[in-house]
Amino acid sequence: MKSQLETLAKVLKHSFSPADTVQYPEQQPYLSPRYRGRIVLTRDPDGEERCVACNLCATVCPVDCIALQKTELADGRWVAETFDINFARCIMCGFCEEACPTHAIQLTPDFEMAEYDRQNLLYRKEHLLISGTGKYHDYNFYQISGKAIAGKGKGEAQRELAPVDIKSLLP
Amino acid sequence: MPEIIVDGKSYQVAAGGNLLQACQSLKLELPYFCWHPALNSVGSCRQCAVLIYQSEEDTRGRISMACMTAVADGQRLSIKADKVAKFRELCIEATMTGHPHDCPVCEEAGECHLQDMTLLSGHINRRFEGPKRTHNNQYLGPFINHEMNRCIACYRCVRFYRDYSGGTDLNVFASRNNVFFGRAEAGVLESEFSGNLVEVCPTGVFTDKTYSQHYSRKWDLQSAPAICIHCSVGCNIYPAERNGILRRISNRFHSQLNGHFLCDRGRFGYEFVNHAKRNEQVWQRNQQSKCTDQLDTQQAFNRLTELLATTDQDELVAIGSSRTSLENNFSLQCLVGKENFYSDMKSVVQIQVNQLLAHYRQVQQSSDLQSLEQSDCLLLIGEDVTQTAPRVALAVRQMSRNAGIEKAAALGIPYWSDAEVKNISQDLKSPLHIISHCHTKLDDIATSIDTRHPDVQLLLIEKISHYLIVDANISTQIDPDNELDQTALAISIDLRNAQHPFILTGIHLGQNSAIFTATLLLSAILYQLNPAAGFICTLPQANSLGLSLLNDGDCDLDAALQRLTEHKTKTLIILETDLYRYYSVEKLQYLFDNVENIIVLDHLLTATAEQADLLLPTCSFAESHGSWVNYEGRLQGGIKCFAASKQRRPAYQWLTNDTDFQSIIKDLSGLSDCLKTLGSLYPKQSGGFNNARKSVRESGRTALSSYIDIKEIPPDNDFDSNYQHSSEGIASHIDKNQSPAYIWSPNWNSNEAVSHFQQTDNGAIRGAPQGILLFDKTANDTVFRVKNATGEAPLAKPPNVDKLFKVLPFHHIFNDEELSSYVATVQQLQPKACLKLNSQQAQSLGFTAGEQLHYCFVPAIISNHDRFKSKETQSLPLQIDDGIATGVILLPANIIQQQGASFDNWLLLTRTSTRGES
Ligand code: SF4
Ligand code: SF4
Ligand code: SF4
Ligand code: SF4
Ligand code: FES
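Residues numbered from 1 in each chain as written. Chains lettered and ligands numbered in written order. Predicted model: local features only at pLDDT ≥ 70, side-chain atom pairs only at ≥ 80, totals over all residues. Heavy atoms only, no water.

Re the overall build of chain A
A tally of regular secondary structure across chain A gives four helices and six strands. When its helices and strands are written in sequence order, chain A yields α-β-α-β-β-α-β-β-α-β. Taking 16 Å as the expected radius of gyration for a compact globule of 171 residues, we find that chain A reaches 24 Å, considerably beyond that expectation. Counting only C-alpha atoms, chain A reaches 100 × 40 × 30 Å along its principal axes. A fraction of 69% describes how many contacts in chain A between residues 6 or more apart in sequence connect residues 24 or more apart. With the model as given, the accessible surface of chain A reaches about 10,300 Å², and the carbon-plus-sulfur share is 56%. Side-chain charges in chain A split into 20 positive and 23 negative, and the spacing between the mean points of these groups amounts to 5 Å. (Helix = DSSP H or I, 4+ residues; strand = E, 2+ residues; numbered from the N terminus. Rg over C-alpha atoms; globule rule 2.2 N^0.38 Å. Contact = heavy atoms within 4.5 Å. Areas by Shrake-Rupley, 256 points an atom, 1.4 Å probe, with all protein chains shown as cover. Lys, Arg positive; Asp, Glu negative; His and termini not counted. Charge placed at Lys NZ, Arg CZ, Asp CG, Glu CD.)

Printed below as a string of structure tokens:
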């Protein structure tokens, strides 16, 4: 009997405590920058597309909802010709971001992606690519990689020696 | 069998090998770089270190390279001991100090032997903070990409390119960790086997440029065991597809044929499958509206039935194809009846193929490439195999190394100790004699080269036969001044003395019938003298032999054309063949105009297909199951790799009203005793699990087709084989009874995983059929429906020898074969068409190099077939080439094939400016 009354009192007490529910959408909750929401493709500090179409995100994705096709620019830079994410399938696990060797693919604190037509849940490259660097400001893959691209020849990446002169007789 | 003890466990291993081979055959995981199953050991990479113990008491052991240590009975070793594991890890760490941060943008990643070995050795963290050495890259042609930074200096590339395949333009430059592997100057790689660098190089230095153009990681590819259709060898390949595009071809190990290597035509000639001219729809010419209508599949079937129903049997002609499968040809033959079915080979070729069939049946079976590699004396007659069946030439090069290996063996050096064998053998080569009308790429390893006029060649071959029959001591009676006698005697002595002598020849349009007959006779004599003697004869196309087995001897292409001109024909069915390759436009136009309905089945819009009244789109080799008979009569089955798009369907389905594949092969296998086991090439179980054509790691399954429809499209079905178009099902490395759909094994992502699929060291792939040898002695009936061969064509005499040249073809790996000629990258490497004469002849006629000359074919025998012979003269520039016999003029093989007569061809040359003079 006593415990029943106690319980009743506790329940009643909650009628006077402030509500946790916020008046969404008028009122927006705070989401930390590392919240795992809508996925974007970012650019490097020079403003070039970061994604090199390496396919690692697609491979690691547990629901296989990323599909892309590699192509190459005239200077040898690898980029994605197409990049599709099927958000009807995505479980926002963030594995893709973790796997990405270039910090291209990032999850953002945005979850407002509801659609009336399921087909609209397919985000293609033009929907995914943003103009900034996202959460990681400095990383620039091609400045570390050994592949030559326009403006960065062989031996000009970080911690590289000048190309070997194969005609030299020095040991 | 010696017993070795590895990490406390004892194993039986094969004698004579090294420890790395032994560990490979035991499927023990021992890393390696510089060793290669076909290139053997040099001990330079220090990756395969093991700890060898002197005795049971020895607990310290000493570090040794497994690849350089011979197997000995009772040997104790450890792979896992800390000391040696640490050694391997340090080695790889040192190797990786200069390695670029490239994996995400490296075509090799995902099937990189370096990645695999790095992980296997346990090196996962880079400690080295210093700078990396870099290299400039070179342009190496349309096939191979060069990214030298990634090199780990294992030397496999140069050992393959120079030592194994005889190339000269790839080399190693500079020294110590600066070594550079490339050409002296940027430029197209000259070897016909350059594509193998992609697989031989354990890193991403040499990668497949064509694959990179539509790149996909290995784990995303769908593949199935298939047969290369670009020449008569029938190398085993893996085509690999993703999303409806054929992405690349890679090697599929076959111990008796291609081993670990393919030629560039086979590897890079695949893009006709993705060609812009591929047929995907049924088209019908509409005479009223003067345009082409598109039919749906049912309408197409109805139209075909209607056309056939309204055609009398004697007004129906069908032409089969030597570039498509046996099943397709068989279905066409059943549809139109035996008497209306013709092959797509000109009679000169067909007659020789029939002769060859008779030879296989009555005299001697053909040999595989493995036994050619083991031969110790080879006589090559009249075939430029490097250009026509390139994989055979690679085997010839191995054959020539045997004398050196033998010499080393006599000194106690095992064959696998590559550097030592090379050092000991120096320039020593097994005897290779070449008799031909022009120089070939094999000249560099030849003992004797006889570049002669065909008439002299014939004499020479007959003399060799003669000296083989008569006792060798007859040499005393030989005229020492007769050079031909001397040569013939020398060759016959070499053939006699050899343990496994070989005769190698080939059938092509320029092959002289008399020479071919003499060659067969010579081989028969040799075979009688020595039952270990081998014989190989290459053929013009992938299924030339298969088609000839189906077809009656005299139903060749010339006969078909004769019938079309002489008898009224209402309906003509042409299966996957382009007649414009064989006849001139005028000749065919006349014929096509007289036929009411031309039905063409093809997967490409060939010139012939453009003439069709009804065009039915068929499947390429990658989209259909199908069997092929290679040069030796080996029937091999190719499994389809991916499902055909749109209205494309296999020709056999169009021709049999949608009969399934299993029923077709059931009918086909009833044709002859030797086909009884055909079904074993296409096992089909009912119920149970199928094998997956895709890897378990395949990505993008729920997004790949989302742009078409966000609801996933179900995978295609394959009811005809034990493979399915999905990553679900049994993975290839688990199912031991099926030919693997792809080569992958846990920890081994590269093609090096092949050792995990081999029954023994370098042996056959478990579960994979080796093909059915149709002429095997155990098959008592090899006749399909064929009459005996019709005999040989006479050696024609020219009407006026002085002003005429004997025309013979020159072949080129990228020029001759039809399907690969559609590929843009292949076209880049096709030589410019020209006429070739030696300088002496050119001089005597006053012609200079580069001059544009008119030529005109003069048939030696005026036969009925040549009624439509083009009287028009054509012109080509002249090239001087001193490797050509006098009296002979060379023309590109495809031009002779199209414009020449059926039998012997003679050519009249005229100068462009002063016509009429020769
Ligand atoms: S968040 Fe997870 S489910 Fe979504 S795309 Fe990335 S890996 Fe796939
Ligand atoms: S992992 Fe990163 S770089 Fe690689 S394909 Fe995905 S987004 Fe692009
Ligand atoms: S060669 Fe291998 S390890 Fe090196 S960058 Fe390419 S994939 Fe990575
Ligand atoms: S290029 Fe490749 S095969 Fe040649 S040495 Fe370097 S890593 Fe080895
Ligand atoms: S594989 Fe043995 S040292 Fe390279």
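Here we look at the pattern of salt bridges
Residue and element names in this part refer to chain B. Enumeration according to the criterion identifies 46 salt bridges over all chains in this entry. Linking E93 and R127 is a salt bridge whose minimum nitrogen-to-oxygen distance equals 2.8 Å. You can see E93 sitting in helix α2 (residues 82–96) and its partner R127 sitting in the loop between α3 (113–121) and β6 (132–134), a full 34 residues away along the chain. Across the pair E280 and K646 runs a salt bridge whose closest N-O atoms are separated by 3.3 Å. Linking E280 in the loop between α7 (264–268) and β15 (282–286) with K646 in the loop between β28 (634–638) and α23 (651–655), this pair joins segments that are 366 residues apart in sequence. Judged by its relative accessible area of 60%, K646 falls in the exposed class. (Salt bridge = Lys/Arg side-chain N within 4 Å of Asp/Glu carboxyl O. Buried < 20%, exposed > 50% of the residue type's maximum accessible area, 1.4 Å probe, protein only.)

Side note on the confidence of the model for chain A
Low-pLDDT portions of the prediction should not be read for the details of their coordinates. When pLDDT is averaged along chain A, the result is 94; 100% of the residues meet or exceed 70. Averaged over each element, pLDDT in chain A is lowest for helix α1 (residues 2–14) of chain A (92) and highest for strand β1 (residues 39–41) of chain A (98). (pLDDT = per-residue confidence, 0-100.)

Some remarks on the interface of chain A and chain B
With 43 residues of chain A at the interface, the matching set in chain B holds 47 residues. Roughly 3,700 Å² is buried in total at the junction of chain A and chain B, and carbon and sulfur atoms are behind 53% of that figure. For the interface between chain A and chain B, the tally reads three salt bridges. Linking E147 of chain B and K154 of chain A is a salt bridge whose minimum nitrogen-to-oxygen distance equals 2.3 Å. For the interface between chain A and chain B, the tally reads 23 residue pairs in polar contact (both at pLDDT 80 or more). Of the residues in the side of chain A that touches chain B, the class split is 24 nonpolar, eight polar and eleven charged. Across two bridges, the pairing between strand β6 (residues 160–163) of chain A and β6 of chain B is parallel. Looking at the pairing, E160 of chain A lines up with K132 of chain B of β6 of chain B. (Buried area = accessible area lost by both parts, 1.4 Å probe. Polar contact = N/O pair within 3.5 Å; in protein donor to acceptor, adjacent residues only side chain to side chain. Nonpolar A, V, L, I, M, F, W, Y, C, P; charged D, E, K, R; others polar. Pairing = 2+ DSSP bridges.)

Brief notes about helix α21 (residues 585–593) of chain B
Residue and element names in this part refer to chain B. For α21, the full list of buried residues reads K587, L588, L591 and F592. Taken down its axis, α21 places every buried residue within 125° of arc, on the same side. The inward-facing, buried residues of α21 contact α20 (557–566), β24 (571–575), β25 (597–602) and α22 (607–610). (Arc of directions from axis to C-beta.)

Thoughts on helix α24 (residues 661–669) of chain B
Because an α-helix completes one turn every 3.6 residues, residues spaced three or four positions apart along the sequence face the same direction. Residue and element names in this part refer to chain B. Listing the buried residues of α24 in full gives F661, I664, I665, L668 and S669. Taken end-on, α24 shows its buried residues confined to a sector of 130°, consistent with a single buried face. Along its buried surface, α24 packs onto α9 (326–336), β27 (626–629) and α23.

With respect to the nonpolar core
Core analysis: the largest hydrophobic core is formed by 180 residues, its most contacted members being L356 and F621 of chain B. The contacts of F621 of chain B, once residues within four sequence positions are left out, are I227, I229, I237, P239, L246, I249, F272, V273 and W628 of chain B. (Core = buried A, V, L, I, M, F, W, Y, C linked by side-chain atoms within 4.5 Å.)

Re the packing of α20 of chain B against α21 of chain B
Residues and elements named next belong to chain B. Running from N to C, α20 and α21 point in directions that differ by 50°, and their axes come no closer than 9 Å. It follows from the interaxial angle that α20 and α21 lie oblique. As α20 runs across α21, the sense of the crossing is left-handed. The residues of α21 that touch α20, namely those facing L561, L564 and T565, are K587, L588, Y590 and L591. Class assignment for the residues of the contact of α20 with α21 results in five nonpolar, one polar and one charged. (Axes fitted to C-alpha atoms, helices over the stretch in contact; angles between N-to-C directions. Parallel < 35°, antiparallel > 145°, perpendicular 65-115°, else oblique. Left-handed = near helix turned anticlockwise from the far one by under 90°.)

Re the confidence of the model for chain B
Residue and element names in this part refer to chain B. Scored by pLDDT, chain B has a mean of 90; 92% of the residues are at 70 or more. Across residues 785–802 the pLDDT falls below 50, and counting only partners more than four positions away or on other chains, this stretch makes 39 contacts in the model. Scored below 50 in pLDDT, residues 914–918 makes nine contacts in the model with residues more than four places away or belonging to other chains.

With respect to the site of ligand 1
Taken together, 13 residues sit near ligand 1, with C61, C90, C93, G94 and C96 of chain A positioned nearest. The residue inventory of the shell around ligand 1, partitioned by class, reads twelve nonpolar, one polar and no charged. (Near = heavy atom within 4 Å.)

What about the domain arrangement of chain B?
All names here are of chain B. Its domain assignment divides chain B into domain 1 (3–96), domain 2 (133–212), domain 3 (349–539) and domain 4 (804–914). Listed by partner, the interface residues are twelve residues for domain 1 and five residues for domain 3. Summing both sides of the interface, domain 1 and domain 3 together bury roughly 630 Å²; the carbon and sulfur share of this comes to 50%. Where domain 1 meets domain 3, there are zero salt bridges. Where domain 1 packs against domain 3, one counts four residue pairs in polar contact (both at pLDDT 80 or more). Grouping the constituent residues of the side of domain 1 that touches domain 3 by class yields five nonpolar, seven polar and no charged. (Domains from an automatic or database assignment.)

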